[in-house]
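Structure assessment
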Amino acid sequence: MRRRGLIALTCVFVLGSAVAIHLLAANAQPPPTPIYNPYPPGILPPNLDSEILRVRSEIRTVFDRYLEQWEALPAATVTGNPPTLQGNGYEAIRILGGLLNYDETMSPFKDEACAFCHMPYAGFSGPIPSVNLTMIAYPGSFHFRAGKRTAQRYTYSPRFPVFHLNGTKRAGVGGTLTGGNFWDGRSTGYKLQSPDAEQAQHPPVDTQEMGLPDTACIAFRLQATVYRPLFEEVWGAGSLDIEFPPETEGICNTPGGAAAFGGSATPIPLNFEDRTKADRVYDNWGQSISFLESSNDVSPFTSKVDASLQIPPAYTFTATEAAGRTLHSGKANCNSCHLDGLSTKLLPSQTDTGTPANTEPLFTCFGYANLGLPLNPRDAFYYQTTPDFFGFTPNPFGFGYKDLGVGTFLRSGFGSAPNPNSNFTQLAPTSDGQMQVSTERDVALTPPQCPTTEAGQFDSNGKPIPYFQKEFFHNGYIKSLKQLVHFYNTRDVFAFNVTSGHCPAGKTEKVDCWPMPEVPNNIDMTVGNLGLTDQEENELVTVLQTENDGFLRPYPNIDTFTGTCQTGGDARTQGNETLIPAPEPAAPCASAICGVAPTPGPSPIP
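Reading guide: rules and limits
- Residues numbered from 1 in each chain as written.
- Predicted model: local features only at pLDDT ≥ 70, side-chain atom pairs only at ≥ 80, totals over all residues.
- Heavy atoms only, no water.
- Disulfide = S-S within 2.5 Å.
- Helix = DSSP H or I, 4+ residues; strand = E, 2+ residues; numbered from the N terminus.
- Buried < 20%, exposed > 50% of the residue type's maximum accessible area, 1.4 Å probe, protein only.
- Expected span 1.5 Å × (residues − 1).
- Contact = heavy atoms within 4.5 Å.
- Phe/Tyr/Trp six-rings, centres within 6.5 Å; stacked < 30°, edge-to-face > 60°.
- Lys NZ or Arg CZ within 6 Å of the ring centre and 35° of its normal.
- Salt bridge = Lys/Arg side-chain N within 4 Å of Asp/Glu carboxyl O.
- Axes fitted to C-alpha atoms, helices over the stretch in contact; angles between N-to-C directions.
- Parallel < 35°, antiparallel > 145°, perpendicular 65-115°, else oblique.

Here we take up the state of the cysteines. Per the stated rule, a full pass over the model turns up four disulfides. Residue pairing for cysteine 503: its cysteine sulfur links by disulfide to cysteine 513, the two sulfurs lying 2.0 Å apart. Sign of the S-S torsion, about -85° for the bond between cysteine 503 and cysteine 513, identifies this disulfide as left-handed. In this pair, cysteine 503 is assigned in the loop between helix 12 (481-490) and helix 13 (534-545) and cysteine 513 in the loop between helix 12 and helix 13, connecting sequence segments ten residues apart. You can call cysteine 503 buried: its relative accessible area is 18%. Cysteine 513 sits in the buried class, given a relative accessible area of 0%. If you count the bonded cysteines of the protein chain from the N-terminus, they pair up as 1-2, 3-6, 4-5, 7-8. Cysteine 337 provides the cysteine sulfur closest to cysteine 334, a residue in no disulfide bond, and the two sulfurs are 9.3 Å apart.

Put into structure tokens, the structure is as follows:
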């Protein structure tokens with residue numbers, strides 16, 4: 001058995017003229033000051049503080065569960081050459097990944113874990129319904145900095161390959177970029193050969209998220225954790241033996257981007273040997289969390305689809321589900337991007353006489369597409385145009401910021417990350433606006449007490465079914481799966497040259513009016529006018545629900561939701577009560593984004 005304990009810390013940090021005192025005990029409240037709130041009324045939800053505390057409590061519940069698993073884990077036997085944790089190596093690193101993922105101390109104010117934006121009951125996407133309706137991106141450790149995109153699900157993300165160019169597809173524009181993690185592909189996996197492990201390395205030092213100013217802060221914080229022995233058991237005795245200078249505590253208690261750092265990404269003054277060890281620890285951090293995400297705790301292949309593929313089948317689709325699956329691989333053309341690995345759209349003269357493949361379908365092509373989504377003026381990032389308490393301005397461009405997705409990353413542009421392969425830079429103009437084709441798996445996953453994502457649903461007795469409000473696509477513009485399918489189906493049928501909030505009189509946004517795309521280049525024309533009926537749209541929503549994990553056995557930690565479900569409304573207009581008008585006409589794209597070579601084209605970015 002292993003001993004555990006709680007560490008309560010009270011930290012006073014003094015840096016230059018900035019003084020902030022924060023209680024860092026396990027149950028500490030978020031600091032009441034300073035607060036960064038550059039937002040107009042209505043951007044931040046009124047229950048944000050209480051919802052943050054709710055999710056933090058749920059995170060501590062899961063963290064404690066992993067501690068208990070570690071306590072019950074037999075001591076490892078290290079044997080072989082290369083040395084291997086014989087017998088329980090898988091369990092050791094899975095549990096370590098869980099502890100890292102749910103550890104709130106890995107942020108400046110020890111108030112935000114990776115899991116804050118990715119909880120199991122939401123399919124490891126955003127866990128706060130009111131945030132999903134309003135500010136879109138989740139608040140970081142320093143309240144209320146926030147990112148610019150939705151919290152992307154990381155179920156099955158370890159299956160995405162290293163970011164690479166498939167030169168045989170779309171050869172006329174240089175090929176198709178494939179693999180990587182994040183909406184914009186910036187986690188390429190070039191170094192660790194795992195985009196998912198690299199993905200885990202970004203949020204801890206993202207100024208808008210966990211916000212640590214130096215990657216070495218992870219090793220520094222790990223030195224004080226109760227589970228340090230497990231980390232060193234997995235990654236080697238002495239791996240955390242790093243001599244940190246006395247000012248490290250104050251540095252790591254300060255969010256990244258602070259003016260006092262002068263733009264340095266390595267403000268902790270470590271010698272070469274200790275910096276090298278801290279870098280290795282950071283790689284181990286990413287690898288541990290990636291192992292968790294590839295395990296049955298996150299990516300278990302336990303949906304109705306998986307059950308139907310067992311031999312003999314453990315589930316038979318209903319008539320509605322079967323009709324939806326036919327649409328998915330046929331008329332709706334979903335299977336051209338969200339590959340099921342099982343079926344192909346055949347020619348009229350062909351007959352499918354095959355049997356189900358021995359496969360675990362991932363429902364993605366690992367590629368990227370610009371679906372032509374409108375700019376969402378609800379996104380909190382547009383309003384972060386003034387300096388915060390630490391002298392940092394998250395978005396100096398306001399609505400001049402345009403999310404070019406992969407294109408911005410290929411240019412090593414603002415809000416993304418450095419591109420480690422200059423050969424890809426030339427592809428930026430043909431990649432502008434493209435975002436990752438996420439897996440469909442668990443897109444509809446919700447807490448058990450809120451069994452759907454869709455407003456206005458009723459059970460067989462006519463009783464309203466409570467729903468959990470999610471957000472979809474990279475900018476959260478879509479608020480229900482019905483809207484998502486309807487957008488694919490009618491984007492070009494109901495296209496209007498207006499921005500969000502300005503549909504003509506007599507038209508209803510997201511029903512018979514789709515505002516113009518934020519990025520008009522490279523729009524995917526395989527969707528937009530599919531000719532689906534209302535019933536067929538509903539059948540496709542049902543199909544997405546068959547891809548939720550948890551059918552064959554309970555989904556781990558899905559029981560931790562302690563919030564409130566929603567009722568009422570209509571899935572077609574779900575969330576429309578929170579629509580606000582975007583600038584009209586659209587603000588021009590800032591030169592720091594659209595003026596970076598190779599510049600966007602052929603259409604200008606409005």
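Turning our eyes to something else, we now look at helix 13. The end-to-end C-alpha distance of helix 13 is 17 Å, a good match for the 16 Å that twelve residues give at a rise of 1.5 Å each. Three or more residues of helix 13 are buried, namely Glu536, Glu537, Glu539, Leu540, Val541, Thr542, Val543 and Leu544. Each element contacted by the buried residues of helix 13 is listed here: helix 10 (319-328) and helix 12.

Moving on to the packing of aromatic side chains. Here the structure, examined in full by the defined rule, presents 30 aromatic pairs. On the numbers, 5.3 Å between centres and 80° between planes, the contact of phenylalanine 381 with tyrosine 401 is edge-to-face. With phenylalanine 381 in the loop between strand 7 (368-369) and helix 11 (406-410) and tyrosine 401 in the loop between strand 7 and helix 11, this residue pair connects regions lying 20 residues apart in the sequence. Take phenylalanine 381 and tyrosine 401: they sit in the same class, and that class is buried. The ring of phenylalanine 182 has arginine 186 lying over it, and the distance from NZ or CZ to the ring centre is 3.7 Å. The ring of tyrosine 477 has lysine 510 lying over it, and the distance from NZ or CZ to the ring centre is 4.6 Å.

Pairs may arise between side chains of opposite charge once their charged atoms sit close together. Summed over the entire model, instances satisfying the criterion amount to 25 salt bridges. Measuring nitrogen to oxygen at the nearest pair gives 2.9 Å for the salt bridge that ties glutamate 91 to arginine 94. Taken as a pair, glutamate 91 and arginine 94 lie in helix 2 (residues 89-101) at a separation of three residues, close to a single helical turn.

Before going further, it helps to spend a moment on the packing of helix 10 against helix 13. Following both chains from N to C, one finds helix 10 and helix 13 inclined at 100°, their axes separated by 8 Å at the closest point. Between helix 10 and helix 13, the interaxial angle falls into the category roughly perpendicular. Residues Thr320, Glu321, Ala323, Gly324, Arg325, Leu327 and His328 of helix 10 form the contact with helix 13, whose own contacting residues are Glu536, Glu539, Leu540, Thr542 and Val543.

Residues Arg228, Leu230, Phe231, Glu232 and Val234 constitute the buried set of helix 6 (residues 228-235). The inward-facing, buried residues of helix 6 abut helix 1 (48-72), strand 4 (84-86), helix 2, helix 5 (216-222) and helix 8 (272-294). Of the residues one or two after helix 6, glycine 236 is the one with positive phi, at around 115°.

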